[in-house]
Amino acid sequence: MNINYDNRIVLTLDAGGTNFVFNAIQGGKLLIDPITSPSYGDQLEKCLHTIIDGFNKVKSQLNEEPVAISFAFPGPADYPNGIIGDLGNLPGFRGGIALADMLNEQFNIPVFIQNDGDLYAYGEALGGILPEINNKSEKQYKNLIGVTLGTGFGAGLVHDGTLITGDNSIASEVWLIANSISPDKNAEEGVSTRAIINTYKNLSGEKEKDHMPVDIYKIALGKVEGDSEAAKNAFKEFGRHLGDSLATLITLFDGIVVIGGGITGASELFMPEAMNILRGKFDCGQSRLVHDVYFIDNKDEAAEFFKSTSVTIKVPFSEKTIPYNKEQKIAIATSKIDASEAIALGAYAYALKMLDK
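Residues numbered from 1 in each chain as written. Predicted model: local features only at pLDDT ≥ 70, side-chain atom pairs only at ≥ 80, totals over all residues. Heavy atoms only, no water.

Enquirer: If you had to explain helix α3 (residues 116-127) to someone new, which residues and values would you point to?
Expert: In a regular helix each residue adds 1.5 Å, so twelve residues correspond to 16 Å; α3 covers 16 Å between its end C-alpha atoms and thus fits that length. The buried count for α3 comes to ten of twelve residues, which makes it a mostly enclosed element. Taken residue by residue, α3 has G117, D118, L119, Y120, A121, Y122, G123, E124, A125 and L126 as its buried positions. Its side-chain oxygen at 2.8 Å from the backbone nitrogen of G117, N115 defines the N-terminal cap of α3. (Helix = DSSP H or I, 4+ residues; strand = E, 2+ residues; numbered from the N terminus. Expected span 1.5 Å × (residues − 1). Buried < 20%, exposed > 50% of the residue type's maximum accessible area, 1.4 Å probe, protein only. Polar contact = N/O pair within 3.5 Å; in protein donor to acceptor, adjacent residues only side chain to side chain.)

Quick look at the structure:
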């Protein structure tokens, strides 16, 4: 599927616990400036009217009729049937709300809903980092692991153009995987905004101050007052936990990794530690990964990753020769597009795939 050559228009929404971001996509491109509104996630009726009004505002700016609505929600739900249930950050939906059927009746077009981490990965696989890498790489990659860093720790998996959702639409709940650095906690307790905040508070002793990660980032760089060393170590600890989780994902799925979300702006403070974990060894001396891993935001590492390592070997008992790529390379990159845009692209691609079934 090439979403860049499809003329159908799809209405999209990135539904977060705090804000809703509405748009429309045609040919893999956003058609309008995003329309953002508060989610009112604890007030069901107001939230539902906000969703309807948001799609109507987008539709009013279009010159053609949309063929579908497709959007993302945070957390587990009955996505195949379009039912949103018990989400912690949108409590008004508890008990189950038939959101897809409601919107279908309002707009009389098909409605598709999926997990936000899944659609983020799908957008990056079809319209983001994966095609960008394959345009430069001798080897063509088909697998992608998309992770989002923010209030929570999310992920999605894509194989050869297919979004892997699982039988219960919870195929990549990365936040719950084991944490070998802090075995008493799940992965998200080390890879989230609260992890950075809590580590900084503990290391600095500034327990009464309500610093956000962006503040701690500025403290680490010496741009604002605070404990610079504690701030740097808070991001290093975050990086170690991230590297631990990525090592598990890469081992199981063997794909390109793209990292999105607001915290990626501080990648220079945490990615060196993440890469140390990925390139490290267990106590027994065994390497953590079989793969050679490259962080291709770094120009030198990108050059090494894209450098051809293919050699020519002979077929036994024959004059025939074939190419042999002896290195098992994996690239890690931060997203080059906004997470909401990647989610919208994923929602667009998902709708087109469902419509073409």
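Now that the structure has been shown, we can carry on.
Enquirer: Any details on helix α6 (residues 213-220)? Residues and values, ideally.
Expert: Quick reminder: α-helices carry 3.6 residues per turn. Residues three or four places apart thus point the same way. Residues of α6 that are buried include every one of P213, I216, Y217, I219 and A220, and no others. Looking straight down α6, one finds its buried side chains confined to an arc of 160°; they lie on one side. The elements touched by buried residues of α6 are α5 (193-204), α7 (228-253) and α8 (267-278). Following α6 by one or two positions, G222 has its phi on the positive side, about 75°. (Arc of directions from axis to C-beta. Contact = heavy atoms within 4.5 Å.)

Enquirer: Quick rundown of the environment of I32? Include the residues and the values.
Expert: The topology assignment puts I32 in the loop between β3 (29-30) and β4 (35-38). C-alpha separation for the pair I32 and T18, spaced 14 residues apart in sequence, amounts to 21 Å. Excluding residues that lie within four positions of it along the chain, I32 makes contacts with N23, V58 and Q61.

Enquirer: Tell me about unusual backbone geometry, and please be specific about residues and values.
Expert: Although it is not a glycine, D254 sits at a positive phi angle of roughly 55°. One can find D254 in the loop between α7 and β12 (256-260). Residue D254 is classed as partly exposed on the basis of its relative accessible area of 40%.

Enquirer: Pulling in residues and values, what's your account of the nonpolar core?
Expert: Among the nonpolar cores identified, the biggest contains 42 residues, and L242 and I332 are the most heavily contacted of them. If you tally residues by element for this core, the top one is α7, at eleven residues. Here I332 is in contact with L246, I250, V257, I259, M271, M275, L278, V293, Y294, F295, I296 and D297, once residues within four sequence places are set aside. Within the second largest apolar cluster, 37 residues are counted, among which are A125, V258, I296 and Y350. (Core = buried A, V, L, I, M, F, W, Y, C linked by side-chain atoms within 4.5 Å.)

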